[in-house]
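The residues making up each chain are set out below.
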Amino acid sequence: MVFSIAFVGSVKAQYYYDRSKNPDKIPNQPKQTRSRSSSSSSSNYSKFIFAAWDGNKPMSNSSFIDQSSSLGARFGFRKRLNDEDKFWVGGDLSWSVYNQYFPYQTYTTGTQSVSTDLYDYAYNYGLTVNIDYFFLPMEKLVVPYAGFGIGIAYDKFNQYYNIYGDTPSDSWGLLVRPEVGVLIGYKQNSRWRLKAAVHYDYSSNTNSTYGYKGFTNAGLQIGILKMIR
Amino acid sequence: MKRGRLLLLIGLLFLWGCEPKPTLDKLVKSMVVTTDYNGNANFGNYSTYTMVLDTISYFDNSDPNPADTIATASQSTEVHDITSRVKAKMDSVGYSLVSKKSAPDLWVYIYVNEVYSAYQSYSYNPYSYGYYGGSYYPTVSVSDQADLYIYILDLKHKVSGPYLWAADIGDLVSSPDQTSATVVRAINQAFKQSPYIKK
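Residues numbered from 1 in each chain as written. Chains lettered and ligands numbered in written order. Predicted model: local features only at pLDDT ≥ 70, side-chain atom pairs only at ≥ 80, totals over all residues.

Participant: Report on the overall build of chain A, specifying residues and quantitative values.
Facilitator: A count of helical and extended segments in chain A gives one helix and nine strands. Across the 229 residues in chain A, those meeting the buried criterion constitute 30%. For chain A, restricting intrachain contacts to residue pairs at least 6 apart in sequence, the fraction spanning at least 24 positions comes to 60%. (Helix = DSSP H or I, 4+ residues; strand = E, 2+ residues; numbered from the N terminus. Buried ≥ 20, exposed ≤ 12 C-beta atoms within 10 Å, placed from the backbone. Contact = placed C-beta atoms within 7 Å.)

Participant: Could you give an account of the interface of chain B and chain A, with specific residues and numbers?
Facilitator: Contacts between the two partners involve 30 residues from chain B and, on the opposite side, 29 residues from chain A. Going through the elements one at a time, α1 (2–16) and β1 (32–37) of chain B are the ones with two or more residues in the side of chain B that touches chain A. Per element, the largest residue contribution to the side of chain B that touches chain A is seven residues, and it comes from α1(B). Considering only residue class, the side of chain B that touches chain A consists of 14 nonpolar, eleven polar and five charged. (Nonpolar A, V, L, I, M, F, W, Y, C, P; charged D, E, K, R; others polar.)

Participant: Got a sec to walk through the pairing of strand β8 (residues 165–170) of chain B? Specific residues and values, please.
Facilitator: Residues in a regular strand point their side chains to alternate faces of the sheet. Residues and elements named next belong to chain B. In this structure, β1 lies alongside β8, joined through six bridges in antiparallel fashion. Residue pairing for β8: Tyr37 is matched across the bridge by Trp165. The pairing of strand β7 (residues 135–154) with β8 spans six bridges and is antiparallel. By the bridge assignment, Ile152 is partnered in β8 with Trp165. (Pairing = 2+ DSSP bridges.)

Participant: A description of the nonpolar core should follow, citing residues and the corresponding values.
Facilitator: Within the largest apolar cluster, 34 residues are counted, with the highest numbers of intra-cluster contacts made by Ile82(B), Val86(B), Val108(B), Ile169(B), Val183(B), Ile187(B) and Ala190(B). Broken down by element, the residue count for this core peaks at five residues, all from helix α4 (residues 181–192) of chain B. Membership of the second largest hydrophobic core comes to twelve residues, among which are Met138(A), Val143(A), Leu183(A) and Met227(A). (Core = buried A, V, L, I, M, F, W, Y, C linked by C-beta atoms within 7 Å.)

Participant: I'd like a description of the environment of Ile169(B), backed by residues and values.
Facilitator: All names here are of chain B. With respect to the element layout, Ile169 can be found in strand β8. With 25 C-beta atoms packed within 10 Å, Ile169 lands in the buried category. Remark: the alpha-carbon pair of Ile169 and Gln75, spanning 94 residues in sequence, is separated by 21 Å. Excluding its chain neighbours within four sequence positions, the residues that come into contact with Ile169 are Met31, Val33, Asp147, Leu148, Val183, Ala186, Ile187 and Ala190.

Participant: For α4(B), give the residues involved together with the corresponding values.
Facilitator: If you check α4(B), its first and last C-alpha atoms are 16 Å apart, about what twelve residues at 1.5 Å a residue would give, namely 16 Å. For α4(B), the full list of buried residues reads Val183(B), Ala186(B), Ile187(B), Gln189(B), Ala190(B) and Phe191(B). Elements that come into contact with the buried residues of α4(B) comprise β4 (112–134) of chain A together with β1, α3 (77–92), β7 and β8 of chain B. (Expected span 1.5 Å × (residues − 1).)

Participant: Can you lay out the pairing of strand β8 (residues 192–207) of chain A for me, pointing to particular residues and giving the numbers?
Facilitator: Residue and element names in this part refer to chain A. In this structure, strand β7 (residues 169–185) lies alongside β8, joined through nine bridges in antiparallel fashion. Bridging from a neighbouring strand, Leu183 pairs with Lys195 of β8. Hairpin connection of β7 to β8: six residues between the antiparallel strands, including Asn189 at a positive phi of 60°. Here β8 pairs with strand β9 (residues 212–228) via 14 bridges, running antiparallel.

Participant: Describe in detail the environment of Val143(A), supporting the description with residues and values.
Facilitator: Residues and elements named next belong to chain A. Position of Val143 relative to the elements: it lies in strand β5 (residues 142–161). On the basis of neighbour count, Val143 is assigned to the buried category, with 20 C-beta atoms found within 10 Å. C-alpha of Val143 to C-alpha of Gly181: the two residues are 38 residues apart in sequence and 8.6 Å apart in space. Val143 has contacts with Phe134, Leu136, Met138, Val182 and Leu183, leaving out every residue within four places of it along the chain.

Participant: Please set out α3(B) residue by residue, giving values where relevant.
Facilitator: Residues and elements named next belong to chain B. Along its 16 residues, α3 runs 23 Å from first to last C-alpha, staying within 8% of the 22 Å computed at 1.5 Å per residue. Within α3, burial applies to Val79, Ile82, Thr83, Arg85, Val86 and Met90. Angularly, the buried residues of α3 cover 155° about the axis, an arc narrow enough to put them on a single face. Exposed and oriented more than 90 degrees from the buried face of α3 are Thr77, Asp91 and Ser92. In the segment just after α3, Gly94 is the residue with positive phi, at about 105°. (Arc of directions from axis to C-beta.)

Participant: Help me get a handle on the packing of α3(B) against α4(B), residues and values and all.
Facilitator: Residue and element names in this part refer to chain B. For the pair α3 and α4, interaxial distance at closest approach is 10 Å and the crossing angle is 25°. Relative to α4, the element α3 lies roughly parallel. Every pair of crossing elements has a handedness; the one defined by α3 and α4 is right-handed. Seen from α3, the contacting residues are Asp81, Ile82, Arg85, Val86 and Lys89; seen from α4, they are Val183, Val184, Ile187 and Phe191. (Axes fitted to C-alpha atoms, helices over the stretch in contact; angles between N-to-C directions. Parallel < 35°, antiparallel > 145°, perpendicular 65-115°, else oblique. Left-handed = near helix turned anticlockwise from the far one by under 90°.)

Participant: Help me get a handle on the confidence of the model for chain A, residues and values and all.
Facilitator: Residues and elements named next belong to chain A. In this model, chain A carries an average pLDDT of 85, and 81% of its residues clear a pLDDT of 70 or more. Segment residues 1–18 is flagged for pLDDT under 50; beyond a separation of four residues in sequence, or across chains, it makes four contacts in the model. Predicted confidence is poor over residues 32–42, with pLDDT under 50, and the contacts of this stretch with residues over four places away or in other chains come to 13 contacts. (pLDDT = per-residue confidence, 0-100.)

Participant: Give a detailed account of unusual backbone geometry, specifying residues and quantitative values.
Facilitator: Here the amide bond leading from Gly170(B) into Asp171(B) is cis, since omega sits at 0°, within 30 degrees of zero. Looking at where Asp171(B) falls in the secondary structure, it is placed in the loop between β8 and α4. In this structure, Asn61(A) takes a positive phi of about 50° despite not being glycine. With respect to the helices and strands, the residue Asn61(A) is situated in the loop between β1 (47–58) and β2 (71–80). Here Asn61(A) falls in the partly exposed class, since 18 other C-beta atoms lie within 10 Å of it. Its identity as a non-glycine residue notwithstanding, Ala103(B) has a phi of 55°, on the positive side.

In structure tokens form, the structure reads like this:
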């Protein structure tokens with residue numbers, strides 16, 4: 001008796017619930033919901049790619065090149081490491097050209113003297129594996145991050161004077177690159193974003209001809225980023 | 001992920017060729033002047049010198065006439081400009097020009113050495129017509145370079161060594177200067193960086 005009353009009551013309660021929304025609705029029909037990540041972020045992007053301008057200031061062997069470089073670029077991609085919107089991993093390709101002009105002057109060693117103007121050049125290439133930690137969910141308008149890259153660097157050095165020039169000398173080395181930056185979207189969870197960061201590079205490349213025992217530089221990176229689902 | 005790797009590969013190929021260099025017009029606006037002197041020499045021990053004013057030696061490996069080893073002032077105004085500038089500098093530091101029959105202390109010898117070289121290599125083009133679907137094509141690289149040399153030689157043999165002083169000025173071929181102004185400036189520089197040359 002109690003069971004039958006409870007059963008009848010439940011049927012009426014169910015009918016009452018459905019009727020408030022759709023009296024013709026079939027009970028127990030699964031509700032259509034949008035699938036979401038189980039993380040606290042509602043962003044559904046799992047990858048991004050970017051291209052950036054990269055300006056750098058050399059910080060080693062200033063006697064060869066001391067001038068800042070505005071000729072640089074960085075390309076990269078990241079993939080979300082897991083369902084959490086915090087760690088993203090990927091790779092970067094970087095390129096910078098440093099150059100400095102030394103006006104006409106005389107260089108004397110012993111009984112020999114040479115007068116010329118000089119153009120010193122350093123060409124830097126880097127390929128790194130990177131991991132970034134984003135402090136806020138990706139759906140936010142502004143997302144600061146800190147990153148670290150490790151990989152290889154290829155440096156080529158040359159000195160030009162009149163039609164003469166030294167044979168280019170190059171070297172390979174280990175590259176490490178800590179970085180802090182920010183992603184700025186034009187709206188919440190935007191697909192396109194601005195990427196800005198500062199970084200410090202150290203590479204173990206050496207060059208005895210021009211006096212390098214490692215190459216270090218600090219840089220500013222500004223570019224465009226595209227989020228990908 | 002594939003798109004990311006493709007992006008990096010494209011970027012690598014694009015950037016690999018991006019190694020800017022200074023343009024030729026910037027590089028050749030001034031000549032390189034190199035000097036060297038005999039550390040045992042005392043230039044104050046000499047008083048007179050001799051040199052030819054209307055002719056300089058000219059060695060050119062591409063000249064079809066190997067016996068043609070001089071350039072004269074009648075052929076080129078640059079010869080007169082070069083010799084007169086060197087004479088002016090020697091006179092300014094206290095030496096006197098005399099004829100070679102007057103037993104001069106020094107001999108100032110000037111010559112130009114021009115080296116022309118052509119290098120041919122073969123490159124393979126897999127897409128051109130050929131028996132096996134490709135062919136080789138020649139590529140030729142040419143370089144032409146000339147340096148002006150000025151030697152001060154000791155005719156009194158007061159010191160040992162091949163020369164008392166030598167100057168190497170280049171490159172003459174690539175200089176955009178259609179007059180002698182650039183090479184004259186270089187001769188001035190050679191004496192300027194050699195203040196020990198004085199009686």
